[in-house]
Amino acid sequence: MKEIDLIKQLSTSFGPSGMEDDVVSVVKEEVSSFMDCKEDTMRNLIMHRKKETGKLHIHLDAHGDEVGFIIQAIKPNGLLRFLPLGGWICENVAAQKVWIKNREGKLVEGVVCSKPPHFTKKEERHKHLDFEDLLIDVGASSKEEVINEYGISIGSFAVPAVSCSYDEKHEMFLGKAFDCRIGCAALIQTLKDLEKKEIGKTISASISAQEEVGERGMKSVMQQIKPDLMICFEGCPADDTFEEEYMIQSALKKGPMLRHFDVSMITHPRFQRFALEIAKKYNIPVQESVRRGGGTNGGISHTCNIPTIVIGIPTRYAHTFYSYTSMQDYKHAVLLAEKIIEELNEKIYSEF
Ligand SMILES: [Zn+2]
């Protein structure tokens, strides 16, 4: 599939933590001709290059899941109580449209209902929202209707109902779930490009499950694969719309972000320095960051004796319904990963 169409499809795909199946099928379709693919019981997609060519083993990862919701209970009037999967700000969820996957695997539209202004009291308008205050309405009028007609039950999964679009002139995507679908796209493209070259290394990859609920998929992946090094692709939150100039570390169109620190990992300083040197050598724009929050699958892999770097593709308004990401940053992320992989060798690795 063409890159733009693939990114659009990955972004639009239904894949909250724990229900990544659709994302896994899209990725498999793209790479199974040259990668051996297997899914584990958590729906981690684990891939190995069919042509194995070297001793040094590099693993690439991007997580397949997105922040979403799970139905907790159905009220007698047909409204659905739900809980967040991953980090959400409640105010961003109210009055939005969602897709719920029903028992037949079909997507049912619903809205997060809110009281019209006509009925809200003054004190209600300034109230801080909680998930207990929010309900999803699928247009039904009773619990039985929800279960029997709509095929929705407790435990059904939901995501923002947002289809991705592309602005060709400005090379910008607008859609949901670029954390981490833009990373999934970068991983796929990197694998495709490497396939055309003789790189003399062993390459494996994963589209890991359940990152957004505590890097759970990666814990399983690490029990199955023992690479020497890992490169983690991420859709990282952009900060250029609210930070002061001197604090901006992940602006759109300024290149992928290489983080030195977040709450899950102090990035391996020598691997990180090597990545920064490669960026300089090939004139690839990059942004360095020290994140006060955040966490990635690198948080798991680096504690398994695997030097890890994270290549983040900035995405504005991550963990909301609508986000922007740029084609340029995506392309630079792919190029950076490829050059790092090409230039790495056993001697450099031994010095890490
Ligand atoms: Zn992520």
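Bear in mind the structure is a predicted one, so any value in this text is a computation, not a measurement.

A. A look at the domain arrangement of the protein chain. Split by domain assignment, the protein chain resolves into domain 1 (3-66 + 176-351) and domain 2 (68-160). Computed from C-alpha atoms alone, the centre-to-centre distance between domain 1 and domain 2 is 32 Å. Opposite the 16 residues of domain 1 that make contact, domain 2 presents 19 residues. Carbon and sulfur atoms make up 73% of the area that domain 1 and domain 2 hide from each other, which totals about 1,400 Å².

B. Up close: helix 2 (residues 21-31). Turning to helix 2, its buried residues are Val 23, Val 24, Val 26, Val 27, Glu 30 and Val 31. In a view along the axis of helix 2, the buried residues occupy a sector of 160 degrees, so they form one face of it. Buried residues along helix 2 sit in contact with helix 1 (3-12), strand 1 (35-39), strand 2 (45-49), helix 5 (178-195) and strand 12 (202-208).

C. Up close: the coordination of the zinc ion. Donor atoms from the polypeptide that bind the zinc ion are His 63 (NE2), Asp 179 (OD), Glu 234 (OE) and Glu 234 (OE), placed at 1.9 to 2.6 Å. Classification of the site at the zinc ion as irregular follows from its four donor atoms and the range of 53 to 151 degrees in their angles at the metal. For the zinc ion, the donor residues sit on a single chain with the sequence spacing H-x115-D-x54-E. Of this pair, His 63 sits in strand 3 (residues 57-63) while Asp 179 sits in helix 5; the two residues are 116 residues apart in sequence, bridging distant segments of the chain. We note that His 63, like Asp 179, is buried.

D. Structural context of the UniProt feature "binding site: Zn(2+) 2" (unreviewed entry) in the protein chain. Cross-referencing UniProt, the feature "binding site: Zn(2+) 2" (unreviewed entry) maps to Asp 179, Glu 212 and His 319 in the present numbering. The named residues occupy 141 residues along the chain; their greatest pairwise C-alpha distance, 9.9 Å, places them in one compact cluster. Among the residues examined, Asp 179 registers a relative accessible area of 10% and is labelled buried. Not counting residues up to four positions away in its chain, the partners in contact with Asp 179 are His 63, Asp 65, Glu 66, Glu 212, Glu 234, Gly 235, Thr 315 and His 319. One polar contact links Asp 179 to His 63, side chain to side chain, over a distance of 2.9 Å.

E. Focus on the packing of aromatic side chains. The final tally for this structure, using the stated rule, is 10 aromatic pairs. Considering the side-chain rings of Phe 69 and Trp 88, the 4.7 Å spacing of their centres and the 25 degrees angle between planes classify their relative orientation as stacked. With a gap of 19 residues between them, Phe 69 in strand 4 (residues 68-74) and Trp 88 in the loop between strand 5 (80-85) and strand 6 (97-101) connect regions that are remote in the sequence. The class for Trp 88 is buried, based on a relative accessible area of 11%. One aromatic cluster is present, formed by Phe 69, Phe 82, Trp 88, Phe 131 and Phe 321 through successive ring pairs.

F. Inspection of the packing of helix 2 against helix 5 at higher detail. Where helix 2 contacts helix 5, the two axes come as close as 10 Å, and the packing angle between them is 15 degrees. The pairing of helix 2 with helix 5 is recorded here as roughly parallel in orientation. The handedness of the crossing between helix 2 and helix 5 comes out as right-handed. Residues Val 23, Val 27, Glu 30 and Val 31 of helix 2 form the contact with helix 5, whose own contacting residues are Arg 181, Ile 188, Leu 191 and Lys 192. Here the contact of helix 2 with helix 5 is built from residues that sort into five nonpolar, no polar and three charged.

G. Region of the structure containing helix 7 (residues 269-281). Between its first and last C-alpha, helix 7 extends 18 Å over 13 residues, near the 18 Å set by a 1.5 Å rise per residue. If you check which residues of helix 7 are buried, you get Phe 271, Gln 272, Phe 274, Ala 275, Leu 276, Ile 278 and Ala 279. Backbone geometry just after helix 7 places Asn 283 at a positive phi near 55 degrees.

How each quantity is defined
- Residues numbered from 1 in each chain as written.
- Predicted model: local features only at pLDDT ≥ 70, side-chain atom pairs only at ≥ 80, totals over all residues.
- Heavy atoms only, no water.
- Domains from an automatic or database assignment.
- Contact = heavy atoms within 4.5 Å.
- Buried area = accessible area lost by both parts, 1.4 Å probe.
- Buried < 20%, exposed > 50% of the residue type's maximum accessible area, 1.4 Å probe, protein only.
- Helix = DSSP H or I, 4+ residues; strand = E, 2+ residues; numbered from the N terminus.
- Arc of directions from axis to C-beta.
- Donors = N, O, S within 2.8 Å, 3.2 Å for Na, K, Ca; no water.
- Tetrahedral: all angles 85-135°; square planar, octahedral: opposite > 155°, others 65-115°.
- UniProt positions renumbered as here; feature names shortened; annotations may be inferred.
- Polar contact = N/O pair within 3.5 Å; in protein donor to acceptor, adjacent residues only side chain to side chain.
- Phe/Tyr/Trp six-rings, centres within 6.5 Å; stacked < 30°, edge-to-face > 60°.
- Axes fitted to C-alpha atoms, helices over the stretch in contact; angles between N-to-C directions.
- Parallel < 35°, antiparallel > 145°, perpendicular 65-115°, else oblique.
- Left-handed = near helix turned anticlockwise from the far one by under 90°.
- Nonpolar A, V, L, I, M, F, W, Y, C, P; charged D, E, K, R; others polar.
- Expected span 1.5 Å × (residues − 1).

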